[in-house]
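If you want the building blocks of each chain, they are given just below.
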Amino acid sequence: MTFTDQLHTAAMPVWQQSFHHPFITEIADGTLPLDKFRFYLKQDRYYLEQFGDLHAAIARQISTPAIKQFLLDGAAGLHDGETQIRHTMFKELAITPAEIKTTPIAPTAYGYVTHMDFQLSHAFPAAAVAALLPCYWLYSEIGQNLKDVHSPVTVYQQFLDSYSAADFNDGTQQMIQIVEQLCAPLSDEQKAYVQKVFLQSSTYELHFWQMAYTKEQWPF
Ligand SMILES: Cc1ncc(CO)c(N)n1
């Protein structure tokens, strides 16, 4: 079993909870209240912005040209239609720049980004990349699981389509190979650390749905 297979197996119980989370099942059947989806999009806008910046920051710590380039392309949003489709969704749902500006970053979104940043500043590049991997891989699997679903709500179908798209899956496959390559020379202790980071990100992914579903707020 490859190292990334091992990560996948270890994460499956947490991922299963994402597959069955009401935020996802209600996107699929069209019953998710739109205010919860809007909440998600606004938090995810912040998340994706930070996620892009993180690609560039990790690229600076990596010398292998192909990996560096993939991360720089990822930072520039070249790998998938995600950025483009989000623009369309923001328009469709009338989420204005003013609304974005006045939306506080919810605790889970803040925690997830902080977790990824921490790996960059306090751990090592393989751990930082592993922290990003569930983002690609979980969403690809959700896209695959639901590729035959036709949500009655247009914007939900657009969301699902963007993650079953071939280019999103290509990015995921490349990211898996990058983690495989960066982790190959690591000690068992470092690999155990990388696995913990991967499982933590997987847990934040689950909590991110819950954050949107409950419209999570700071208690102040
Ligand atoms: C929180 C989160 N994880 C993963 C993705 C997929 O890019 C996303 N858009 N948001």
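Up top is the structure.
One structure accompanies this document, and this report is about it. Note that this is a predicted model, so its numbers are computed, not measured.

## What about the site of the ligand?
Every residue near the ligand is listed here: Y40, D44, Y47, L48, E82, R86, C135, Y139, Y163, E205 and F208. Residue D44 places a side-chain N or O atom 2.7 Å away from a nitrogen atom belonging to the ligand. Coverage of the ligand by the protein amounts to 99% of the 290 Å² it exposes when considered alone. At the level of elements, α3 (34-60), α5 (82-92), α8 (125-145) and α11 (188-214) are the ones that each hand at least two residues to the shell around the ligand. With 4 residues, α3 is the single largest residue contributor to the shell around the ligand. When its residues are assigned to classes, the shell around the ligand shows 7 nonpolar, no polar and 4 charged.

## Observations concerning the pattern of salt bridges
Counted by the stated rule, this structure contains 5 salt bridges. We note a salt bridge from D44 to R86, for which the minimum N-O separation is 2.6 Å. Placement of D44 in helix α3 and of R86 in helix α5 is noted, with a sequence separation of 42 residues between them. Neither residue differs from the other here; D44 and R86 are each classed as buried. Taking the shortest distance from any N to any O, the salt bridge between R45 and E49 comes out at 3.6 Å. Highlighted residues: R45 and E49, both in helix α3, separated by 4 residues, approximately one helical turn. Overall, the relative accessible area of 32% leaves R45 in the partly exposed class. Under the relative-accessibility criterion, E49 is labelled partly exposed at 38%.

## Notes on helix α2 (residues 22-29)
An α-helix turns once per 3.6 residues; consequently, residues spaced three or four apart project the same way. Taken together, the buried positions of α2 are occupied by F23, I24, E26, I27 and A28. Buried positions along α2 lie against α1 (3-19), α3, α8, α9 (154-164) and α11. The positive-phi residue at the C-terminal boundary of α2 is G30, with phi of around 85°.

## Some details on the state of the cysteines
Considering all chains together, one arrives at 0 disulfides under this definition. Counting only cysteine sulfurs, C135 is the nearest neighbor of C183, a cysteine outside any disulfide, at a range of 17 Å.

## Focus: the packing of α3 against α9
Packed helix pairs are characterised by how far apart their axes lie and by the angle those axes make with each other. One can describe the packing of α3 onto α9 by two numbers: an axis separation of 11 Å at closest approach and a directional angle of 40°. Taken together, α3 and α9 sit at an angle that is classed as oblique. For the pair α3 and α9, the sense of crossing is left-handed. On α9, the residues that touch L34, F37 and Y40 of α3 are V155, Y156 and F159. When the residues that make up the contact of α3 with α9 are grouped by side-chain class, the tally is 6 nonpolar, no polar and no charged.

## Digging into unusual backbone geometry
Phi at A94 is positive, roughly 55°, even though this residue is not glycine. Position of A94 relative to the elements: it lies in the loop between α5 and α6 (97-101). Its relative accessible area of 51% is what places A94 among the exposed residues. In the Ramachandran plot, K215 falls in the positive-phi region, its phi being about 50° despite a non-glycine side chain. Following the sequence through the fold, K215 ends up in the segment after α11.

Criteria and cut-off values
Residues numbered from 1 in each chain as written. Predicted model: local features only at pLDDT ≥ 70, side-chain atom pairs only at ≥ 80, totals over all residues. Heavy atoms only, no water. Near = heavy atom within 4 Å. Polar contact = N/O pair within 3.5 Å; in protein donor to acceptor, adjacent residues only side chain to side chain. Areas by Shrake-Rupley, 256 points an atom, 1.4 Å probe, with all protein chains shown as cover. Helix = DSSP H or I, 4+ residues; strand = E, 2+ residues; numbered from the N terminus. Nonpolar A, V, L, I, M, F, W, Y, C, P; charged D, E, K, R; others polar. Salt bridge = Lys/Arg side-chain N within 4 Å of Asp/Glu carboxyl O. Buried < 20%, exposed > 50% of the residue type's maximum accessible area, 1.4 Å probe, protein only. Contact = heavy atoms within 4.5 Å. Disulfide = S-S within 2.5 Å. Axes fitted to C-alpha atoms, helices over the stretch in contact; angles between N-to-C directions. Parallel < 35°, antiparallel > 145°, perpendicular 65-115°, else oblique. Left-handed = near helix turned anticlockwise from the far one by under 90°.

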